[in-house]
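# Understanding the architecture of this molecule
As a plain string of letters, each chain reads:
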Amino acid sequence: MDTLPVQVLSKRIQRLAESATIKMSQKARALKAEGHNVINLSLGEPDFDTPQHIKDAAVEALKDGYTKYTPVPGLVELQKAIQAKFKRDNDLDFGLDQIVVSNGAKQSIANLCLSLLDEGDEAIVLAPYWVTYGEIVKLASAKPVILKAGIEQDFKVSPAQLEAAINENTKIVLFSSPCNPTGSVYTEEELKGLADVIAKHPQITIISDEIYEYINFIGKHISIGSFENVKDRTVTVNGFSKGFAMTGWRLGYIGAPKWIAKACTKMQGQFTSGATSFGQKAAAHALNSDLGPTLEMKAAFLKRRDMVIALLKEIPGFKVNFPQGAFYVFPDISAYFGTSDGTTTAVNNADDFCEYLLNEAHVAVVTGSAFGADNCFRLSYAASEEELKEAIKRIKTAVTKLK
Ligand SMILES: Cc1ncc(COP(=O)(O)O)c(C=O)c1O
């Protein structure tokens, strides 16, 4: 007879949900290993390689002996490049002591939540949201307050919705624009509306995740932190994963009020210390160089977006949004709830729908429930045009069987 182990996992880790995007990729990989031709559109990762000049800079840094520990908030050379970038692209002025480099934007967000939140605090998360936000808030013992916006409002929360959700326990407001999973981009006017609400509540810090900044199809990216009334209360999060196709390098950063930057440095100093030395040298080079390769990737994403939207719109019952950034589409497929192909169990929600697509069409996408949107699924178009065309053809064939 099995005896129960004396050791048990913490309640903290037991409460933590596994990442739905990672889970879906694992399922897709398992099906592939069984010999099925699976098209994986579940990943949040550019399908491009890191531009050569950035790789070369890392190799040079290695040759030059950049192999040691770095200062916890980052190499000064990189901090200076980030400072100049914030000024150049975002109209944000930060001192070097306000910039903290991390092992990815994900770590930056964890540093922030663990530094700012306590039990009893509330974090307003604009939904649809990136999978990790709510989990990190919970890890910090605080309560995520999810503010939902559906496809009819282009998945963007209004100032009135935000105002209604704020109370004296609200400590942070957290969102991404361009948004993962919807690709929606808050306009300058919409951001100003949110800023004006938050400005009235001095206890709130804004965490603005701008990691998709460079994959933005509306022209100039606007940072909410550039508005005068919230600039001292906004943390701007960014990183190298998306705009420079550097997901595996694990490099992110924040520009923050001094007291927050100091806290994040303290937190990171106990967890991971400074980010990888030679990677930071290459990242500085990336920011200081011409953005040509980034703009080429963006142009490719834009072309794919238009193709993907045109194809998805041909599928009956799909309500398709018109994303202005990132590399995701987020169709509403609730018209299929309550249907079945007659052989498998009924499709009653977005989880069932995605499971059905994986098994029937061998196309992996991510259920909207992972992002706080139960009627939708996320399709990443960070894949070749051929793969995208084939995947959507298969999706169309599969859903026509649902009655
Ligand atoms: C909105 C958003 N923020 C942060 C991240 C994490 O970025 P990083 O690779 O820098 O940790 C992602 C990655 O998918 C993302 O989509």
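This structure is a prediction, so every number in the text was calculated from the model and none was measured. (Residues numbered from 1 in each chain as written. Predicted model: local features only at pLDDT ≥ 70, side-chain atom pairs only at ≥ 80, totals over all residues. Heavy atoms only, no water.)

By rolling a water-sized probe across the atoms, one finds the places where empty space is left. Here the largest pocket is characterised by a volume of approximately 560 Å³. Every residue lining the largest pocket is counted, 27 residues in all, and those nearest its centre are Gly 44, Lys 106, Trp 130, Lys 242 and Thr 247. Put simply, the parts of the chain that give the lining of the largest pocket at least two residues each are helix H2 (20–33), helix H5 (105–116) and helix H6 (132–139). Per-element accounting of the lining of the largest pocket gives the leading share, 5 residues, to H2. Among the residues forming the lining of the largest pocket, the class breakdown is 9 nonpolar, 11 polar and 7 charged. Taken domain by domain, the makeup of the lining of the largest pocket includes at least three residues from each of domain 1 (11–49 + 293–400) and domain 2 (67–288). In this structure, the second largest pocket encloses a volume near 350 Å³. Looking at the lining of the second largest pocket, the elements that each hand over two or more residues are H2 and H6. The element contributing the most residues to the lining of the second largest pocket is H6, with 6 residues. In the lining of the second largest pocket, the residues fall into 9 nonpolar, 4 polar and 5 charged. Domain assignment of the residues forming the lining of the second largest pocket places at least three in each of domain 1 (11–49 + 293–400) and domain 2 (67–288). (1 Å grid on protein atoms, 1.4 Å probe; cavity = no way out; pocket = protein on both sides within 12 Å on 5 of 7 lines; lining within 4 Å. Points joined across faces, edges and corners; volume = space filled by probe spheres on them. Helix = DSSP H or I, 4+ residues; strand = E, 2+ residues; numbered from the N terminus. Nonpolar A, V, L, I, M, F, W, Y, C, P; charged D, E, K, R; others polar. Domains from an automatic or database assignment.)

Below, the discussion takes up the packing of aromatic side chains. Inspection of every chain in the model, using the stated rule, returns 20 aromatic pairs. Between Phe 330 and Phe 371, the ring centres sit 6.0 Å apart and the planes meet at 80 degrees, which makes this aromatic pair edge-to-face. Of the two residues, Phe 330 sits in the loop between strand E9 (328–329) and helix H12 (350–361) while Phe 371 sits in the loop between strand E11 (366–367) and strand E12 (377–380), which places them 41 residues apart along the sequence. Judged by its relative accessible area of 0%, Phe 371 falls in the buried class. (Phe/Tyr/Trp six-rings, centres within 6.5 Å; stacked < 30°, edge-to-face > 60°. Buried < 20%, exposed > 50% of the residue type's maximum accessible area, 1.4 Å probe, protein only.)

This part takes up the packing of H5 against helix H9 (residues 258–271). For the pair H5 and H9, interaxial distance at closest approach is 9 Å and the crossing angle is 110 degrees. If you check the angle between H5 and H9, you find them roughly perpendicular. For the pair H5 and H9, the contacting residues are Gln 107, Asn 111, Leu 112, Leu 114, Ser 115 and Leu 116 in the first and Trp 259, Ile 260, Ala 263, Cys 264, Met 267, Gln 268 and Phe 271 in the second. In terms of residue class, the contact of H5 with H9 is built from 9 nonpolar, 4 polar and no charged. (Axes fitted to C-alpha atoms, helices over the stretch in contact; angles between N-to-C directions. Parallel < 35°, antiparallel > 145°, perpendicular 65-115°, else oblique. Contact = heavy atoms within 4.5 Å.)

Interface size, as often reported, equals the accessible area lost upon joining of the parts. Once the domains are mapped, the protein shows domain 1 (11–49 + 293–400) and domain 2 (67–288). Centre-to-centre separation of domain 1 and domain 2, based on C-alpha positions: 26 Å. Interface of domain 1 and domain 2: buried area, both sides summed, is about 2800 Å²; carbon and sulfur atoms make up 62% of it. In this assembly, domain 1 and domain 2 are joined by 0 salt bridges. For the pair domain 1 and domain 2, the interface holds 13 residue pairs in polar contact (both at pLDDT 80 or more). Those elements that provide at least two residues to the side of domain 1 that touches domain 2 are helix H1 (11–15), helix H11 (292–313) and E9. In terms of residue count, the dominant contributor to the side of domain 1 that touches domain 2 is H11 (6 residues). Class assignment of the residues belonging to the side of domain 1 that touches domain 2 gives a composition of 19 nonpolar, 8 polar and 10 charged. (Buried area = accessible area lost by both parts, 1.4 Å probe. Salt bridge = Lys/Arg side-chain N within 4 Å of Asp/Glu carboxyl O. Polar contact = N/O pair within 3.5 Å; in protein donor to acceptor, adjacent residues only side chain to side chain.)

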